Structures are given as structure tokens and as C-alpha cells.
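Structural overview
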Amino acid sequence: QVQLKESGGGLVQAGGSLRLACAASGRTFLGEAMGWFRQAPGKEREFVALFKLIGDGTYYADSVKGRFTISRDNAKNTLYLQMNSLKPEDTAVYYCAAQPRGPYYYPQVYDYWGQGTQVTVSS
């Protein structure tokens, strides 16, 4: 139905940058919004950034505001997350999500997820 695949993760030093991509395939309609979430070992999956597919609004968690930028390339059907000024606490597996069934900021409301891409930030 809908397949999401993240890419772009890797190992960087604190202060560095990475650009994550989420390629979508299958069904055209991905819901009202798509989001980026992350999960560190032993921690809950948490909201990072949101892109509203209706109205093109963007929203960010306070922890990444001013450092991360979410965007979408409609022609390529790809969602991006530009991550600048990375910190060790940003280390996590980053997931792309689509088709929310409830409040956009909670991972449990999304129907579709990618497999995740590892981001590791060293001190």
C-alpha cells in the first residue's frame, strides 16, 4: 500500500550535519501529514518534525527547533530532514511516518513507518 524508506544516516561529530531522506512509494495519498520521529536505545520514540501535506506547514520539537529543517520534494515524492549543529543527544534511529489517525505529534497514531536509519553523533 505505502512503503517508506529512510536513508542518509551515519556517524558525525558534534556540530556536524546530515540530510535524511524518506522515499515514499505505493499509494499516492499519505494522509494529512508526514513526520520524522527518533528512538534512542531504552527510550520511547519521540516526535522530531512534522510536515503538513495540506497547507505545507512545518512544526518542530523544541529540542531540534532552529537546527533541523523538514521539507518535501513533491516531484520526487520524498521527505527530507536537514539536521545541522548535531549534538550527541541527537543520536538515535530516525524514522519516517505517514498517514496519521490522530494527533500528529504522537508516534502511535501513524499507520506507516520506514525501517529507520541510524544517526550517531560523537562528542
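Throughout what follows, the structure given in this document is the object of discussion. (Residues numbered from 1 in each chain as written. Predicted model: local features only at pLDDT ≥ 70, side-chain atom pairs only at ≥ 80, totals over all residues. Heavy atoms only, no water.)

**So, the overall build of the protein chain**
Scanning the protein chain from N- to C-terminus turns up zero helices and eleven strands. Relative to a compact globule of 123 residues, whose C-alpha radius of gyration would be 14 Å, the protein chain shows 13 Å and is just as compact. In terms of overall dimensions, the protein chain has a C-alpha envelope of 40 × 30 × 25 Å along the principal axes. Residues counted as buried form 45% of the 123 residues belonging to the protein chain. Within the protein chain, contacts between residues separated by at least 24 positions form 56% of all contacts whose residues are at least 6 apart in sequence. If you sum the accessible surface of the protein chain, you get close to 6400 Å²; carbon and sulfur atoms cover 48% of it. The positive charge centre, built from 13 side chains, and the negative charge centre, built from 10, are 3 Å apart in the protein chain. (Helix = DSSP H or I, 4+ residues; strand = E, 2+ residues; numbered from the N terminus. Rg over C-alpha atoms; globule rule 2.2 N^0.38 Å. Buried < 20%, exposed > 50% of the residue type's maximum accessible area, 1.4 Å probe, protein only. Contact = heavy atoms within 4.5 Å. Areas by Shrake-Rupley, 256 points an atom, 1.4 Å probe, with all protein chains shown as cover. Lys, Arg positive; Asp, Glu negative; His and termini not counted. Charge placed at Lys NZ, Arg CZ, Asp CG, Glu CD.)

**Re the side chain of Gln-99**
Relative to the helices and strands, Gln-99 is located in strand β9 (residues 92-100). Judged by its relative accessible area of 9%, Gln-99 is buried. The residues contacting Gln-99, other than those within four sequence positions of it, are Arg-27, Phe-29, Leu-30, Gly-31, Ala-33, Val-109, Tyr-110, Asp-111 and Tyr-112.

**A few points about the state of the cysteines**
Per the counting criterion, the structure on display carries one disulfide. What pairs with Cys-22 in a disulfide is Cys-96, and their sulfur atoms sit 2.1 Å apart. Taking the torsion about the sulfur-sulfur bond, which here is approximately -75°, the covalent link between Cys-22 and Cys-96 counts as left-handed. Note that Cys-22 is positioned in strand β3 (residues 18-26) and Cys-96 in strand β9, a separation of 74 residues in sequence. On the basis of relative accessibility, which here comes to 0%, the residue Cys-22 falls in the buried class. For Cys-96, a relative accessible area of 0% corresponds to the buried category. (Disulfide = S-S within 2.5 Å.)

Don't take any of this as a statement about function, it's just geometry.
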